[in-house]
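# Results of the structural survey
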Amino acid sequence: MTTTNSDTDTQAGFAHYFCDVDPQRKRVSRNLKWRQYPADVVPAWIAEHDFRPPDTVVNALTATIKDYAYGYNDLENDAASAFVGWVGERYGWDADPELTDTHVGALAAVTAVITALTEPGDGVIVTPPIYNMFLEICPTSHRCQLEWLMRYDTNNGWHLHPDDLETLLKNEPKARVLLWCNPHNPTGWVPDQEALVRIVELAHTYDFYVVSDEIHSDIIHPPASFTPMLTIPGAAERVITVTSPAKTFVLSGLCFAVTAYGDATLRERVQTAHPPLLLGNAPRTGLDAAIAAWHTGSDWVDALIAELTQRRDQLQARLTAEAPEIRFHAPQSTFLAWLDMSSYQLGVTPGAHLLEHARVAVQEGTMFGTNGDNHVRLNFGTSQSILDEIIDRIVSCLNGGCA
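Residues numbered from 1 in each chain as written. Predicted model: local features only at pLDDT ≥ 70, side-chain atom pairs only at ≥ 80, totals over all residues. Heavy atoms only, no water.

### Some thoughts on the overall build of the chain
Test applied: Numbering of helices and strands runs from the N terminus; a helix is a DSSP stretch of H or I covering at least four residues, while a strand is a stretch of E covering at least two. Two things to know: the radius of gyration comes from C-alpha atoms, and the globule rule equals 2.2 Å times the number of residues to the power 0.38. Relative accessible area decides the class of each residue, using a 1.4 Å probe on protein chains only: under 20% of the type maximum gives buried, over 50% gives exposed, and in between gives partly exposed. Two residues form a contact once any of their heavy atoms are found within 4.5 Å. Here the accessible surface of atoms and residues is derived via Shrake-Rupley with a 1.4 Å probe, and residues count as covered only by protein chains that are part of the display. His residues and chain termini do not enter the charge count, which takes Lys and Arg as positive and Asp and Glu as negative. A single reference atom marks each charge: NZ on Lys, CZ on Arg, CG on Asp, CD on Glu.
What the chain contains, in helices and strands, is 15 helices and 15 strands. Relative to its length of 403 residues, the chain is compact, with a C-alpha radius of gyration of 21 Å against a globular reference of 22 Å. For the chain, buried positions account for 56% of its 403 residues. Counting contacts in the chain only where the partners sit at least 6 residues apart, residues at least 24 apart contribute 75% of the total. Total accessible area on the chain stands at roughly 17000 Å², and carbon and sulfur atoms take up 50% of it. Placing the 27 positive and 50 negative side-chain charges of the chain at their respective mean positions leaves the two points 5 Å apart.

### Digging into the environment of isoleucine 220
Topologically, isoleucine 220 is positioned in the loop between strand 8 (209-213) and strand 9 (239-243). By relative accessible area, which is 10% here, isoleucine 220 ends up buried. For isoleucine 220 and phenylalanine 51, which are 169 residues apart along the polypeptide, the C-alpha to C-alpha distance reads 17 Å. If sequence neighbours within four positions are ignored, isoleucine 220 has contacts with Pro183, Val190, Ser225, Phe226, Ile305, Gln332 and Ser333.

### Section: a nonpolar patch on the surface
Definition in use: Like-charged residues are merged into a patch within 9 Å and nonpolar side chains (Val, Leu, Ile, Met, Phe, Trp, Tyr) within 5 Å, provided each residue has over 30% relative accessible area and no salt bridge. Only one rule defines a salt bridge in this text: a Lys or Arg side-chain nitrogen within 4 Å of an Asp or Glu carboxyl oxygen.
Residues Ile65, Tyr68 and Tyr70 make up a contiguous nonpolar surface patch of about 420 Å² in total accessible area. By secondary structure assignment, the location of tyrosine 68 is in the loop between helix 4 (55-66) and helix 5 (76-91).

### Thoughts on the layout of surface pockets
Once rolled over the atoms, a probe with the size of a water molecule shows which space is left empty. Spelled out, the test is: Computed over the protein atoms alone on a 1 Å grid, cavities are sets of points where a 1.4 Å probe fits but cannot get out and pockets are open sets with protein on both sides within 12 Å along at least five of seven lines; a residue lines them when it has an atom within 4 Å of a point. Grid points are joined across faces, edges and corners, and a volume is the space filled by probe spheres set on the points. Residue classes follow a fixed rule: Ala, Val, Leu, Ile, Met, Phe, Trp, Tyr, Cys and Pro count as nonpolar, while Asp, Glu, Lys and Arg count as charged, and any other residue, Gly among them, counts as polar.
For the largest pocket, the calculated volume is near 1400 Å³. Lining the largest pocket are 49 residues, and of these Asn31, Glu48, Val250, Leu251 and Ser252 lie nearest its centre. Taken together, the elements giving at least two residues each to the lining of the largest pocket come down to helix 1 (15-19), helix 2 (23-28), helix 3 (32-35), helix 4, helix 6 (106-117) and helix 10 (246-249). Partitioning the lining of the largest pocket into residue classes produces 27 nonpolar, eleven polar and eleven charged.

Have a look at this one:
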């Protein structure tokens, strides 16, 4: 049972976290999602939901401020233990705190691991359409970007098939790392255990490593379920997991992530690949927030998932009824919708049309690489009323209200 410092943090009292989204307060607080565009634009772009974190996280940060505790600290082991407790409770993953490291952010950790396990010219496999920042890693680190493309069908939606990965590996012997996004961003696909087992088998057969970004793993819509990659037999020697409470608890600005290993030798290889002082340390505020979130946030996350599932279903129901030409396969995870707008003939970048005419900001599908043309990624992680306004504007625009 979750222990909290606030009597509002009970299962019956979580509603106020999810109905009270104040756009003006967001803008005044310099929130990027709400300040990137003019005030008449409703934002549904960057991958950050609009709900505030639980009071226990706020209380932890407040205590640090009140205690003037801004100096050096010894909280890394506490954070590792909190992470291990969290994944043990949520997923039955018996992670090892001695094989868990803290970082200043998930992208920094992903990049550090990839560059530790590869040399310039080596191949790194991505899975487009894929989180746009992943597409910057290879060009900037002089690695060769390889593509394991997603498939789409009306029954399964967007998904990856391991047979396609094996075909790629047979033709690309320089592949050394699979940059794995589980759950997948932007499509919200959650691979089943059979697919994960096959990937691990292929990693051994074809001698590559898997960097598994599991940052969205806490937000899984029933009846889907999440399997941590490092729980798969044989994964320990081939898989490094990177994750963070940032997406779940809205903590991105606090700059904190962890890498988890199942093998001490692999961990040592990554740790010794870079100059010891290069990567820095996680900040005190990020450690405080993560420890509080992982120790006390389980019930709050359950309520968050229920709320986001309602928002996902709200979006799907309204688009099906009012804009049926949008192709939308409901995601199994995340608060992000991957929308195919091609039937409306708005061009390869339909987001520009929605911004200009509907005054809704989404992310262009082209940002996510191959298979992104004619798509947008829409963030539905907001209040019911704001999501209704987003849908109202888009539907009106597509049905001739802003031609």
